[in-house]
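# Inside the fold
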Amino acid sequence: MKALFLLLALALGLGTTVSAGPAVIECWLVEDAGGGRLSKRPAALLLRQGPGGLPPRPDLDPELYLKVHVVLTVLTHTPTTQVQLGKDALLDLSFAYMPPTPEATTSLAPGPPPFGLEWRHQHQGKGHLLLAATPGLDGQMPAARHGAVAFAAWDDNEPWGPWTGNGTLWLPAVRPFQEGAYLATIHLPYLQGQVTLELAVQKPPKVSLMPTPLVWAVPGEAPPELLCLVSHFYPSEGLEVEWELRGGPEGSFQKAQGKRWLSALRQHSDGSVSLSGHLQLPPVTSAQHGARYACRVHHPSLPALGRSAEVTLEVAGHSGPSLEDGVGLFLSAFLLLGLLKALGWAAAYLSASKESKKKVQ
(Lines give C-alpha, C1' and ligand atoms only; values in the text may rest on other atoms or scores of the structure.)
Protein backbone atom coordinates (compact mmCIF):
# COMPACT_ATOMS: atom_id res chain seq x y z
CA MET A 1 0.00 0.00 0.00
CA LYS A 2 2.86 2.39 0.73
CA ALA A 3 4.40 1.79 -2.69
CA LEU A 4 1.04 2.48 -4.37
CA PHE A 5 0.67 5.78 -2.51
CA LEU A 6 4.14 6.89 -3.58
CA LEU A 7 3.40 5.93 -7.15
CA LEU A 8 0.20 7.99 -7.27
CA ALA A 9 1.88 10.97 -5.61
CA LEU A 10 4.56 11.03 -8.28
CA ALA A 11 2.12 10.60 -11.11
CA LEU A 12 0.09 13.59 -9.88
CA GLY A 13 3.10 15.83 -10.32
CA LEU A 14 3.56 15.13 -14.03
CA GLY A 15 3.71 18.19 -16.25
CA THR A 16 3.07 16.42 -19.57
CA THR A 17 -0.15 15.08 -20.98
CA VAL A 18 -0.98 11.54 -19.95
CA SER A 19 -3.27 9.70 -22.30
CA ALA A 20 -4.33 6.14 -21.76
CA GLY A 21 -3.13 4.10 -24.72
CA PRO A 22 -0.77 1.25 -25.50
CA ALA A 23 1.94 3.10 -23.54
CA VAL A 24 1.99 2.24 -19.85
CA ILE A 25 3.33 4.53 -17.12
CA GLU A 26 5.84 2.49 -15.17
CA CYS A 27 7.85 3.26 -12.05
CA TRP A 28 11.02 1.85 -10.51
CA LEU A 29 11.77 2.35 -6.83
CA VAL A 30 15.22 2.11 -5.30
CA GLU A 31 16.70 3.30 -2.02
CA ASP A 32 19.44 5.89 -1.64
CA ALA A 33 21.20 4.94 1.60
CA GLY A 34 23.42 8.01 1.55
CA GLY A 35 27.06 8.32 0.70
CA GLY A 36 26.41 7.09 -2.82
CA ARG A 37 25.24 3.65 -1.58
CA LEU A 38 22.02 1.90 -2.60
CA SER A 39 19.95 -0.68 -0.72
CA LYS A 40 17.01 -2.89 -1.61
CA ARG A 41 14.33 -0.91 0.21
CA PRO A 42 12.72 1.68 -2.07
CA ALA A 43 13.09 5.39 -1.30
CA ALA A 44 13.84 7.11 -4.62
CA LEU A 45 11.50 7.10 -7.64
CA LEU A 46 12.23 7.07 -11.36
CA LEU A 47 9.35 7.52 -13.78
CA ARG A 48 9.13 6.80 -17.48
CA GLN A 49 6.26 6.49 -19.96
CA GLY A 50 6.10 3.94 -22.75
CA PRO A 51 7.11 0.35 -23.42
CA GLY A 52 10.80 1.12 -24.11
CA GLY A 53 13.77 -0.16 -22.17
CA LEU A 54 14.97 0.98 -18.78
CA PRO A 55 16.42 4.51 -18.55
CA PRO A 56 20.22 4.46 -18.71
CA ARG A 57 21.49 4.82 -15.12
CA PRO A 58 24.96 3.24 -14.77
CA ASP A 59 24.97 4.06 -11.04
CA LEU A 60 21.96 1.80 -10.41
CA ASP A 61 21.70 -1.96 -10.50
CA PRO A 62 18.78 -2.95 -12.82
CA GLU A 63 18.15 -6.00 -10.64
CA LEU A 64 16.96 -3.67 -7.88
CA TYR A 65 14.26 -2.08 -10.08
CA LEU A 66 10.64 -2.70 -9.12
CA LYS A 67 8.28 -2.45 -12.09
CA VAL A 68 4.80 -1.15 -11.16
CA HIS A 69 1.72 -0.95 -13.36
CA VAL A 70 -0.33 2.25 -12.90
CA VAL A 71 -4.10 1.69 -12.85
CA LEU A 72 -5.41 5.19 -12.07
CA THR A 73 -3.69 8.51 -12.78
CA VAL A 74 -5.16 11.86 -11.67
CA LEU A 75 -3.32 15.04 -12.63
CA THR A 76 -3.55 18.70 -13.55
CA HIS A 77 -1.51 20.78 -15.98
CA THR A 78 -2.09 23.95 -13.93
CA PRO A 79 -1.29 23.18 -10.27
CA THR A 80 -1.22 26.94 -9.57
CA THR A 81 -3.76 29.20 -11.28
CA GLN A 82 -3.88 32.99 -11.11
CA VAL A 83 -7.10 34.73 -12.11
CA GLN A 84 -8.08 38.37 -12.13
CA LEU A 85 -10.71 39.43 -9.63
CA GLY A 86 -14.20 39.13 -11.15
CA LYS A 87 -13.06 36.87 -14.02
CA ASP A 88 -13.92 33.19 -14.53
CA ALA A 89 -11.45 30.51 -13.41
CA LEU A 90 -10.84 27.09 -14.98
CA LEU A 91 -9.16 24.45 -12.80
CA ASP A 92 -7.83 21.79 -15.13
CA LEU A 93 -8.25 18.13 -14.14
CA SER A 94 -7.78 14.95 -16.15
CA PHE A 95 -7.59 11.30 -15.22
CA ALA A 96 -6.80 7.99 -16.88
CA TYR A 97 -7.75 4.42 -16.00
CA MET A 98 -6.19 1.23 -17.30
CA PRO A 99 -7.43 -2.18 -16.17
CA PRO A 100 -4.69 -3.95 -14.23
CA THR A 101 -4.70 -7.09 -16.39
CA PRO A 102 -6.30 -8.24 -19.65
CA GLU A 103 -8.17 -10.90 -17.69
CA ALA A 104 -9.75 -8.20 -15.49
CA THR A 105 -10.85 -6.34 -18.63
CA THR A 106 -12.70 -9.31 -20.14
CA SER A 107 -14.54 -9.96 -16.87
CA LEU A 108 -16.07 -6.47 -16.86
CA ALA A 109 -18.83 -4.98 -18.96
CA PRO A 110 -17.54 -3.18 -22.05
CA GLY A 111 -16.98 0.55 -21.75
CA PRO A 112 -15.40 2.74 -19.07
CA PRO A 113 -16.26 2.07 -15.44
CA PRO A 114 -18.55 4.33 -13.40
CA PHE A 115 -16.79 7.10 -11.49
CA GLY A 116 -17.43 9.90 -9.04
CA LEU A 117 -15.84 13.35 -8.78
CA GLU A 118 -15.50 15.65 -5.76
CA TRP A 119 -14.12 19.17 -5.54
CA ARG A 120 -13.37 20.58 -2.09
CA HIS A 121 -12.20 24.09 -1.19
CA GLN A 122 -9.87 24.92 1.71
CA HIS A 123 -8.99 28.49 2.69
CA GLN A 124 -7.79 30.07 5.94
CA GLY A 125 -8.24 26.88 7.92
CA LYS A 126 -11.78 26.21 6.70
CA GLY A 127 -12.92 23.62 4.20
CA HIS A 128 -16.18 22.58 2.56
CA LEU A 129 -17.52 20.42 -0.24
CA LEU A 130 -17.80 22.61 -3.31
CA LEU A 131 -19.20 20.15 -5.83
CA ALA A 132 -19.91 16.43 -6.16
CA ALA A 133 -20.68 14.66 -9.42
CA THR A 134 -21.36 10.95 -9.74
CA PRO A 135 -21.74 10.05 -13.42
CA GLY A 136 -22.71 6.39 -13.50
CA LEU A 137 -22.73 6.01 -9.70
CA ASP A 138 -25.85 5.85 -7.58
CA GLY A 139 -26.48 8.50 -4.97
CA GLN A 140 -27.94 11.97 -4.64
CA MET A 141 -25.67 14.86 -5.60
CA PRO A 142 -25.66 17.95 -3.35
CA ALA A 143 -26.10 21.35 -4.96
CA ALA A 144 -22.87 23.03 -6.10
CA ARG A 145 -21.65 26.12 -4.24
CA HIS A 146 -20.54 29.49 -5.64
CA GLY A 147 -21.93 28.63 -9.09
CA ALA A 148 -19.29 25.95 -9.66
CA VAL A 149 -19.68 23.65 -12.67
CA ALA A 150 -17.62 20.51 -13.39
CA PHE A 151 -17.15 19.03 -16.86
CA ALA A 152 -17.20 15.46 -15.57
CA ALA A 153 -17.15 12.80 -18.28
CA TRP A 154 -15.09 10.10 -19.91
CA ASP A 155 -13.50 11.56 -23.02
CA ASP A 156 -13.51 8.25 -24.87
CA ASN A 157 -15.61 5.10 -24.87
CA GLU A 158 -13.32 2.28 -25.95
CA PRO A 159 -14.93 -1.08 -25.24
CA TRP A 160 -12.03 -2.58 -23.26
CA GLY A 161 -9.92 0.40 -22.24
CA PRO A 162 -7.78 2.15 -21.45
CA TRP A 163 -9.89 5.30 -20.89
CA THR A 164 -9.26 8.98 -20.21
CA GLY A 165 -11.58 11.40 -18.43
CA ASN A 166 -12.08 15.09 -17.71
CA GLY A 167 -13.12 16.71 -14.44
CA THR A 168 -12.27 20.38 -15.08
CA LEU A 169 -13.94 22.85 -12.70
CA TRP A 170 -15.36 26.22 -13.77
CA LEU A 171 -15.79 29.03 -11.23
CA PRO A 172 -17.64 32.10 -12.52
CA ALA A 173 -16.74 35.68 -11.45
CA VAL A 174 -14.15 34.71 -8.83
CA ARG A 175 -14.11 36.68 -5.56
CA PRO A 176 -11.31 36.91 -2.97
CA PHE A 177 -12.88 34.39 -0.58
CA GLN A 178 -12.61 31.73 -3.32
CA GLU A 179 -8.81 31.67 -3.43
CA GLY A 180 -6.95 28.89 -1.65
CA ALA A 181 -6.48 25.14 -2.14
CA TYR A 182 -8.84 22.99 -4.23
CA LEU A 183 -8.81 19.22 -3.72
CA ALA A 184 -10.13 17.10 -6.58
CA THR A 185 -10.84 13.40 -5.93
CA ILE A 186 -11.73 10.77 -8.53
CA HIS A 187 -13.61 7.73 -7.18
CA LEU A 188 -13.65 4.40 -8.99
CA PRO A 189 -14.97 1.15 -7.55
CA TYR A 190 -12.41 0.18 -4.88
CA LEU A 191 -9.97 2.87 -6.05
CA GLN A 192 -9.49 6.64 -5.79
CA GLY A 193 -6.93 9.32 -6.66
CA GLN A 194 -6.56 12.94 -5.54
CA VAL A 195 -4.75 16.08 -6.63
CA THR A 196 -4.47 19.56 -5.06
CA LEU A 197 -4.56 22.85 -6.97
CA GLU A 198 -3.91 26.40 -5.75
CA LEU A 199 -6.04 29.33 -6.90
CA ALA A 200 -4.72 32.88 -6.44
CA VAL A 201 -6.86 35.99 -7.08
CA GLN A 202 -5.29 39.24 -8.24
CA LYS A 203 -6.29 42.64 -9.57
CA PRO A 204 -3.75 45.25 -10.70
CA PRO A 205 -4.14 48.75 -9.26
CA LYS A 206 -5.03 51.92 -11.13
CA VAL A 207 -2.60 54.78 -10.42
CA SER A 208 -3.31 58.51 -10.71
CA LEU A 209 -1.56 61.59 -9.34
CA MET A 210 -3.04 64.87 -8.11
CA PRO A 211 -2.89 67.81 -8.61
CA THR A 212 -2.65 67.43 -12.36
CA PRO A 213 -1.44 68.34 -14.93
CA LEU A 214 0.85 70.94 -13.26
CA VAL A 215 2.11 71.68 -9.78
CA TRP A 216 2.41 75.49 -9.34
CA ALA A 217 4.96 76.77 -6.84
CA VAL A 218 6.69 80.00 -5.78
CA PRO A 219 10.47 80.02 -5.28
CA GLY A 220 11.32 79.47 -1.63
CA GLU A 221 7.94 77.95 -0.81
CA ALA A 222 6.71 74.36 -0.77
CA PRO A 223 4.44 73.25 -3.64
CA PRO A 224 1.02 71.75 -2.94
CA GLU A 225 0.97 68.28 -1.40
CA LEU A 226 1.05 65.48 -3.97
CA LEU A 227 -1.61 62.79 -3.72
CA CYS A 228 -1.10 59.39 -5.42
CA LEU A 229 -4.36 57.44 -5.73
CA VAL A 230 -3.86 53.64 -5.86
CA SER A 231 -7.31 52.21 -6.44
CA HIS A 232 -9.14 48.88 -6.77
CA PHE A 233 -6.35 46.32 -6.34
CA TYR A 234 -6.05 42.89 -4.72
CA PRO A 235 -4.46 41.46 -2.64
CA SER A 236 -3.64 44.23 -0.19
CA GLU A 237 -0.28 42.63 0.67
CA GLY A 238 2.83 43.40 -1.34
CA LEU A 239 1.97 46.98 -2.36
CA GLU A 240 4.82 49.52 -2.43
CA VAL A 241 4.61 53.24 -3.30
CA GLU A 242 7.77 55.09 -4.35
CA TRP A 243 8.28 58.77 -5.18
CA GLU A 244 10.73 59.83 -7.89
CA LEU A 245 12.13 63.15 -9.10
CA ARG A 246 12.86 63.14 -12.80
CA GLY A 247 14.80 65.90 -14.52
CA GLY A 248 15.87 67.88 -11.45
CA PRO A 249 18.50 70.65 -11.40
CA GLU A 250 21.12 68.31 -12.91
CA GLY A 251 18.64 66.43 -15.07
CA SER A 252 19.03 63.45 -12.78
CA PHE A 253 16.71 60.61 -11.85
CA GLN A 254 16.48 60.21 -8.08
CA LYS A 255 14.21 59.57 -5.14
CA ALA A 256 12.05 62.56 -4.27
CA GLN A 257 12.74 64.31 -0.98
CA GLY A 258 9.98 65.18 1.44
CA LYS A 259 7.64 63.76 4.04
CA ARG A 260 5.63 60.76 2.82
CA TRP A 261 2.92 58.53 4.27
CA LEU A 262 0.13 56.13 3.26
CA SER A 263 -3.53 56.29 4.13
CA ALA A 264 -5.56 53.44 5.59
CA LEU A 265 -7.04 50.83 3.25
CA ARG A 266 -10.52 51.42 1.86
CA GLN A 267 -12.63 48.34 1.13
CA HIS A 268 -14.86 48.00 -1.95
CA SER A 269 -17.89 45.81 -2.55
CA ASP A 270 -16.06 43.57 -5.06
CA GLY A 271 -13.37 42.69 -2.50
CA SER A 272 -10.70 45.03 -3.88
CA VAL A 273 -9.07 47.78 -1.82
CA SER A 274 -7.71 51.30 -2.38
CA LEU A 275 -5.35 53.67 -0.61
CA SER A 276 -3.57 56.96 -1.23
CA GLY A 277 0.08 57.90 -0.94
CA HIS A 278 1.00 61.41 0.18
CA LEU A 279 4.17 63.44 -0.44
CA GLN A 280 4.81 66.81 1.20
CA LEU A 281 7.59 68.48 -0.82
CA PRO A 282 10.27 70.82 0.55
CA PRO A 283 10.56 74.43 -0.72
CA VAL A 284 11.58 74.66 -4.37
CA THR A 285 13.96 76.86 -6.34
CA SER A 286 13.64 78.32 -9.82
CA ALA A 287 16.19 75.72 -11.00
CA GLN A 288 13.58 73.02 -10.41
CA HIS A 289 11.23 74.46 -13.01
CA GLY A 290 10.12 71.72 -15.40
CA ALA A 291 11.10 68.85 -13.09
CA ARG A 292 8.69 65.91 -13.00
CA TYR A 293 7.48 64.20 -9.85
CA ALA A 294 6.35 60.59 -10.30
CA CYS A 295 4.51 58.12 -8.12
CA ARG A 296 5.58 54.54 -8.91
CA VAL A 297 3.55 51.59 -7.57
CA HIS A 298 4.76 47.99 -7.24
CA HIS A 299 2.32 45.11 -6.71
CA PRO A 300 2.42 41.33 -7.29
CA SER A 301 -0.13 41.73 -10.10
CA LEU A 302 2.08 44.22 -11.99
CA PRO A 303 5.25 43.76 -14.08
CA ALA A 304 8.61 44.24 -12.40
CA LEU A 305 8.77 47.95 -13.30
CA GLY A 306 5.37 48.58 -11.74
CA ARG A 307 3.00 51.35 -12.81
CA SER A 308 3.49 55.10 -12.46
CA ALA A 309 1.91 58.52 -12.93
CA GLU A 310 3.70 61.89 -13.00
CA VAL A 311 3.15 65.67 -12.88
CA THR A 312 5.35 68.60 -13.96
CA LEU A 313 6.52 71.30 -11.57
CA GLU A 314 6.05 74.91 -12.73
CA VAL A 315 8.00 77.52 -10.75
CA ALA A 316 6.64 81.08 -10.88
CA GLY A 317 8.91 83.68 -12.46
CA HIS A 318 11.20 81.16 -14.17
CA SER A 319 9.41 80.99 -17.51
CA GLY A 320 5.96 81.87 -18.72
CA PRO A 321 3.90 84.32 -16.68
CA SER A 322 5.44 85.31 -13.34
CA LEU A 323 3.53 85.76 -10.12
CA GLU A 324 3.53 89.55 -10.64
CA ASP A 325 2.20 89.04 -14.15
CA GLY A 326 -0.53 86.87 -12.78
CA VAL A 327 -1.52 89.48 -10.21
CA GLY A 328 -1.46 92.18 -12.89
CA LEU A 329 -3.65 90.14 -15.20
CA PHE A 330 -6.10 89.54 -12.36
CA LEU A 331 -6.30 93.28 -11.55
CA SER A 332 -6.66 94.17 -15.22
CA ALA A 333 -9.51 91.70 -15.62
CA PHE A 334 -11.14 93.04 -12.47
CA LEU A 335 -10.94 96.66 -13.73
CA LEU A 336 -12.21 95.66 -17.16
CA LEU A 337 -15.17 93.91 -15.61
CA GLY A 338 -15.93 97.01 -13.52
CA LEU A 339 -15.70 99.23 -16.59
CA LEU A 340 -18.09 97.01 -18.53
CA LYS A 341 -20.57 97.09 -15.68
CA ALA A 342 -20.32 100.92 -15.45
CA LEU A 343 -20.94 101.25 -19.18
CA GLY A 344 -23.94 98.99 -18.85
CA TRP A 345 -25.38 101.10 -16.04
CA ALA A 346 -24.81 104.30 -18.06
CA ALA A 347 -26.53 102.87 -21.09
CA ALA A 348 -29.48 101.78 -18.96
CA TYR A 349 -29.69 105.27 -17.40
CA LEU A 350 -29.67 107.04 -20.80
CA SER A 351 -32.36 104.71 -22.12
CA ALA A 352 -34.55 105.39 -19.08
CA SER A 353 -34.07 109.18 -19.48
CA LYS A 354 -35.18 109.06 -23.12
CA GLU A 355 -38.30 107.13 -22.20
CA SER A 356 -39.16 109.73 -19.51
CA LYS A 357 -38.82 112.63 -21.98
CA LYS A 358 -41.14 110.93 -24.47
CA LYS A 359 -43.85 110.54 -21.81
CA VAL A 360 -43.60 114.26 -20.78
CA GLN A 361 -44.07 115.46 -24.39
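So, a few notes on the structure that sits alongside this text. Note that residues are indexed from 1 along each chain, following the sequence as it is written. Two thresholds apply to this predicted model, a pLDDT of at least 70 for residue-level local features and 80 or more for giving and counting side-chain atom pairs, whereas whole-chain, interface and lining totals are computed over all residues. By convention in this description, side-chain values take in all heavy atoms of the structure and omit both hydrogens and water.

## A few points about the packing of aromatic side chains
Let me state the cut-off plainly: Between 30 and 60 degrees the pair is tilted, below 30 it is stacked and above 60 it is edge-to-face, where a pair is any two Phe, Tyr or Trp rings, Trp via its six-membered ring, whose centres lie within 6.5 Å. The helix and strand labels rest on DSSP assignments: H or I over at least four residues marks a helix, E over at least two residues marks a strand, and numbering proceeds from the N terminus. Only protein chains enter the accessibility calculation, which uses a 1.4 Å probe; a residue is then buried when its area is under 20% of its type maximum, exposed when over 50%, and partly exposed in between.
Across all of its chains, the model carries 4 aromatic pairs by this definition. Ring geometry for Phe 95 against Phe 115: centres 5.2 Å apart, planes inclined by 50 degrees, an arrangement best described as tilted. Taken together, the residues Phe 95 in strand β7 (residues 94-97) and Phe 115 in the loop between α2 (102-106) and β8 (116-123) connect sequence positions 20 residues apart. One exposure class covers both Phe 95 and Phe 115, and it is buried. Here Tyr 97 and Trp 163 contribute two aromatic rings whose centre-to-centre distance is 6.0 Å and whose plane-to-plane angle is 5 degrees, an arrangement assigned as stacked. Taken together, the positions of Tyr 97 in strand β7 and Trp 163 in strand β11 (residues 163-171) put the pair 66 residues apart, joining distant regions of the chain. Summarising the burial analysis for this pair, Tyr 97 and Trp 163 share the class buried.

## What about the state of the cysteines?
For the record, the criterion: Disulfides are defined in this document as cysteine sulfur pairs within 2.5 Å.
In total, this model carries 1 disulfide according to the counting rule given. Between the sulfur atoms of Cys 228 and its disulfide mate Cys 295 the distance is 1.9 Å. For the disulfide bridge between Cys 228 and Cys 295, the dihedral angle about the S-S bond is near -70 degrees, and by the sign convention the bridge is left-handed. With Cys 228 in strand β16 (residues 226-233) and Cys 295 in strand β22 (residues 292-298), this residue pair connects regions lying 67 residues apart in the sequence. You can call Cys 228 buried: its relative accessible area is 0%.

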